[in-house]
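Inside the fold
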Amino acid sequence: MFEHTVTAGTTDGWRRPVRARGRWRIAGILAAAFLVLGAGPPAAPAAQADAPPSQAAPGSWQRPVPGAASARLETDPKGGVTVQDCDGSAGTAPATRRFDATGTALPGAPAGALAMCVGTVTGSGLTVGIRPRPHPDNRDPSTVVAYRGADLLWSRPITSTCNNAPLGVWKLMNGADGNVYGTASAYTPCGPQNAVFGISATTGALLFINRSATAYELVGTHRRGLVATYGDDSEGVRFLDYRGHEYARVKVVGSAKEMAQRLAVNPDGHVFAYLTDRTGTTTRPDCAAYYAVNRIEVFNTSGRTGRYTFPYCTVANVNEWSAASWGMPVLLSGSRTDVPDPDRVMAFDTKAHRLFSRTVLERGEDRSYGALSVHADSRGRILLPSNMVYDGYTRVSLHVDVLSHSTGALLDSFDSGDLDGALGQHTNVYGFAEDRVYFIKSVCADQACTTWRRTLFSLGHTGVGMDEPRATLLKSARALPAPVRMAALGDSYSSGEGNPPFDAGSGTCHRTAQAWPRLVGAEDPGVHLVGHFACSGAKASAFTESFKGEPAQVTKQLNGLSPAPGLVTLTIGGNDVGFSRILTHCFVSDCVADRTIAHAESYVAGPLPGLLRSSYALVRSTVPRTSRVLVVGYPRLFPDKQEETTRCGWLTPAERTGLNRLAAKLDAASRTAAGTAKVSYLSVNGVLDGHELCSTEPWVYDVGRNGGDNRGHPLPDGQRAIAKAVRGAIAAG
């Protein structure tokens, strides 16, 4: 049986899937908040330039966490943190310690209850892991257990089809549905067997278990389900729903010359793969090393969406990465084999387009670093923590740079201050919450490093998107201007309909963090979203009347903001025209022949302009004259040309033309009404160009009998496209 053994000086102790042909894949990267500490002597440091860091924000604290050299750290949705020993301390059983965001200790699983540094913390606060080996009856090495505080809630053995032989569980992670999913493997009497499984977080019931004789490994979860690799060297990925049913598979490794060394999954189900050439000299004579010629490829359920090949030789040196909805940052160490190169951070979108590339660490006189990591947070920022060493290892601190994901601009920098340097210390176990970075500092307690002292630090920060005062740019003494306060009104196109999970308390208004107003607030350091009032299904009347149990958006909610926002965005009018109903009607009948589209065009030409003018004018009069009101239109939902239309047998050429003409007339009417009401207007009619409904890669939910509220609404890629257009309009003034 393969066990996870993390020892001093080792960070690669994870068990691997059992390969039928006896080969192993390079260890998959762990999530950024699920890293393993290898506590050997520090590696030789590279130099770092001095920069004046911001001070740590209130809420920073430290707590002793006694234990041995190896640990696991994970944050929870409420900002708390769990620390689990990987190998105990001085003969004691491995312990699990929990703290809330204020540093208050919480009940944790009893010492020795969890083992092998494998586990997760669910959204409901359960600590889930595996029962240690050996168990008293020596027949329970594969049991997943869950603790609420110190109380055992449930246990679930994972077994093979070969006489119920146990499968060793070596990976656990949370699903977007709140349940727990994992990977197990073993050499059974019947041969090698691997499994991907799901367990109910509340009851411990087995949701499914998919077993295979070939390599099978869970690599990530996303909103719709799971992504697992299959085959040696992760040559392909399978997309599974949260009940284990496969709904798509994609070939990742195209030939025997290639090898997938890293895979990451973003919240929308895009798979980022880091590929290498096994032979090196075959395709790039200048790359003589094995596992060279690296590239990034991105896949979704339709296949590959993009590829980026590094212009220089790298040798299996993508240190860390974590995928976000916008894409993925990559940290490279020594980016060339022939010329010394500083560490470099790069970022790629979901098409593998490089967003930026910049040197992270530059040479300085008295600073060096170790254990650099990278993390993409939910607000569109990239966090780069590093173990900073001053004055020949006599002073040490944790230093964090905050970068813009789109430009790589340095937005903020903060530092823990001197951590009292000592022999053999490390700070390379990180956990990331919305307003803080957690890390563990381990220090040798004796010259031989046979025992260790560990401390958990919570480093709070203001940072971009946090509480004011805002950070300052490191290369300028000029402070960033205060962000404009923004409120977002309107209908489903502003609420984010179709992109769960929806905000608690938003009911059927279906507001979500994937809505374009929220993305603007998260990605633009010059914007602070103070009110997201849009509601799915809202008509213009929702500005002055209660809708779905919520107060009137303008006369109550917007008018109640104090101070008033400096920017108000809105989308309105689509439900007054009945666009969703029209789409459904076109799906089930000929909406040109029965004049459904013609009646809608008459409404757009008649009553609608006056309704829009009064709605825009109401918003204009509710906020100060210095505030900007920006009306955002609706995108064209269907391709311009018939030859670009696929997979939509229900859509006739006349219907496609008619629906696009209706969208154009609505866009023109909205623009004219905005001009009359003296507010700004942004047309996004062509923002989905090439990705409309019925295109080969749509960014819009399909129309169908069971489409429900989702039909005709932008997918996450569509929301990001609108957000990008809005950010451009805000910047243009």
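Look above for the structure.
I will try to describe carefully the structure that is included in this document. All values reported here derive from a predicted model rather than from experimental measurement. (Residues numbered from 1 in each chain as written. Predicted model: local features only at pLDDT ≥ 70, side-chain atom pairs only at ≥ 80, totals over all residues. Heavy atoms only, no water.)

Thoughts on the overall build of the protein
Heads up, the rule is: Working definition: helices are DSSP H or I runs of at least four residues, strands are E runs of at least two. Numbering for both runs from the N terminus. Note on classification: 1.4 Å probe, protein chains only; a residue is buried when its accessible area is under 20% of the maximum for its type, exposed when over 50%, partly exposed between these limits. Contact definition: two residues touch when any of their heavy atoms are within 4.5 Å. To be clear on the numbers: accessible area is Shrake-Rupley with a 1.4 Å probe, and residue cover counts the displayed protein chains and nothing else.
Each helix and strand counted, the protein has 9 helices and 39 strands in total. Counting the 733 residues in the protein, one finds 59% classified as buried. Taking the contacts inside the protein whose residues are at least 6 apart along the sequence as the reference set, 56% of them involve residues at least 24 apart. Of the accessible surface of the protein, which amounts to about 28100 Å², a share of 52% is contributed by carbon and sulfur atoms.

Points about the sheet that holds strand 39 (residues 680–682)
For clarity, the cut-off: Being paired, for any two strands, means DSSP has found at least two bridges between them. Convention adopted: a line fitted to C-alpha atoms gives each axis, helices being fitted over their contacting stretch, and angles between N-to-C directions are expressed from 0 to 180 degrees.
Across the sheet, which stays open at both edges, the 5 strands sit in the order 36-35-37-38-39 with parallel pairing between neighbours. The strands lining the two open edges of the sheet, one partner per strand, are strand 36 (527–532) and strand 39. Neighbour to neighbour, the strand axes of the sheet diverge by 25 degrees on average, direction disregarded. Where strand 38 (residues 628–632) lies against strand 39, 3 bridges are found, and the strand directions are parallel. Its bridge partner being in strand 39, L630 is matched across the sheet by S680.

With respect to the sheet that holds strand 16 (residues 225–230)
With antiparallel pairing, 4 strands are arranged side by side in an open sheet as 15-16-17-18. A single partner strand is all that each edge strand has here, and the edge strands are strand 15 (216–221) and strand 18 (246–251). Each neighbouring strand pair of the sheet contributes to a mean axis angle of 25 degrees, computed without reference to strand direction. Bridge count for strand 16 against strand 17 (residues 236–241) is 6 bridges, and the pairing is antiparallel. Paired with G225 across the bridge in strand 17 is D241.

Observations concerning the pattern of salt bridges
To be explicit about the condition: In the sections that follow, a salt bridge refers to a side-chain nitrogen of Lys or Arg positioned within 4 Å of a carboxyl oxygen of Asp or Glu.
In total, this model carries 17 salt bridges according to the counting rule given. Across the pair R720 and D268 runs a salt bridge, and its minimum N-O distance is 3.0 Å. Here D268 lies in the loop between strand 19 (258–265) and strand 20 (271–277) and R720 lies in helix 9 (residues 716–732), a separation of 452 residues in the sequence. The same class applies to R720 as to D268, namely buried.

Quick look at the environment of A664
Secondary-structure assignment places A664 in helix 8 (residues 653–676). A sequence separation of 19 residues divides A664 from S683, and the C-alpha atoms of the two residues are 9.8 Å apart.

With respect to the state of the cysteines
Rule in force here: Disulfide: a pair of cysteine sulfur atoms within 2.5 Å of each other.
Counted according to the given criterion, the structure contains 4 disulfides. The disulfide partner of C509 is C535, and the gap between their sulfur atoms is 1.9 Å. Residues C509 and C535 share a disulfide whose torsion about the S-S bond is about -80 degrees; that sign makes it left-handed. With C509 in the loop between helix 1 (492–495) and helix 2 (516–523) and C535 in the loop between strand 36 and helix 3 (553–558), this residue pair connects regions lying 26 residues apart in the sequence. Of the two residues, C509 and C535, both sit in the buried class. The disulfide partner of C586 is C591, and the S-S distance across this bridge is 2.0 Å.

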